[in-house]
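# Residue-level structural notes
These are the residues of each chain, in order.
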Amino acid sequence: MGGSRSPKIRVGGIIEHSDLALVGVMSAPDRPGLAGSVFGALGAAGLNAQFIVQSIDLSNHSHIQFLVALGDLARTISALQPVSEALAVERLTQRAPVMQLAVYGPDFRERPGIASAVFGALASVHVNILAVSTSISTVSCVISQDDRDAAMEALRGVLELP
């Protein structure tokens, strides 16, 4: 008898978005309107952000990360420079090329362990997760685009895809 192996977790599929850049508006004093100012500047410049994550640290500083198309990175940084100065942002960060992998539905609220399986599979092949966002039906990770093949192979090992 072979060793026991956990059954694969059934999911709806995996969506990939590549050729992206991860931009961070890091360590700004938290206050109302911060996110509105950041994304207002992008909207005024005709730039689209996706995968938006914001958190507040123990020092009451806000950190906002989001994805933009790789071809829009320079314009994004230019649009954010005046806003970051006005908001006392400690640092604008950028990392590229990155990609987003989204493992989706059905309803994950009723199915514990999906995030653990996704994160564990990526860790098992030494893929570093740069940012995470979830919803009731999706677990999304930002990773280096260079890690795509290893990440997909690892996810196929733990997820039952249609």
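This report concerns the structure included in the present document. (Residues numbered from 1 in each chain as written. Predicted model: local features only at pLDDT ≥ 70, side-chain atom pairs only at ≥ 80, totals over all residues. Heavy atoms only, no water.)

It is worth spelling out the pattern of salt bridges at this point. In this structure the tally under the stated criterion is three salt bridges. Residues Glu160 and Arg10 are paired through a salt bridge, measuring 2.9 Å at the closest nitrogen-oxygen approach. You can see Glu160 sitting in strand S8 (residues 159-160) and its partner Arg10 sitting in strand S1 (residues 9-10), a full 150 residues away along the chain. For Glu160, a relative accessible area of 33% puts it in the partly exposed group. Its salt-bridge partner being Arg148, residue Glu16 comes within 2.8 Å of it at the nearest N-O pair. Pair noted here: Glu16 is in strand S2 (residues 13-29) and Arg148 is in helix H4 (residues 148-158), with a separation of 132 residues, a long-range link. A relative accessible area of 33% places Glu16 in the partly exposed class. Bridged by salt links that share partners, the residues Glu16, Arg148 and Asp149 form one connected network. (Salt bridge = Lys/Arg side-chain N within 4 Å of Asp/Glu carboxyl O. Helix = DSSP H or I, 4+ residues; strand = E, 2+ residues; numbered from the N terminus. Buried < 20%, exposed > 50% of the residue type's maximum accessible area, 1.4 Å probe, protein only.)

With that settled, consider unusual backbone geometry. The amide bond that connects Ala96 to the next residue, Pro97, takes the cis arrangement and shows omega of -5°. Inspection of the secondary structure assignment puts Pro97 in strand S5 (residues 91-104).

Right, let's talk about the environment of Ile114 for a bit. Following the sequence through the fold, Ile114 ends up in helix H3 (residues 114-124). Of the residues examined, Ile114 reaches a relative accessible area of 3% and is grouped as buried. For the pair formed by Ile114 and Leu67, sequence separation is 47 residues and the distance between their alpha carbons is 23 Å. For Ile114, the residues in contact, after removing those within four places along its chain, are Ile9, Phe108 and Val139. (Contact = heavy atoms within 4.5 Å.)

The topology assignment puts Gly46 in the loop between helix H1 (34-44) and strand S3 (50-56). Spatially, the C-alpha atom of Gly46 lies 9.9 Å from that of Asp72, the residues being 26 residues apart in sequence.

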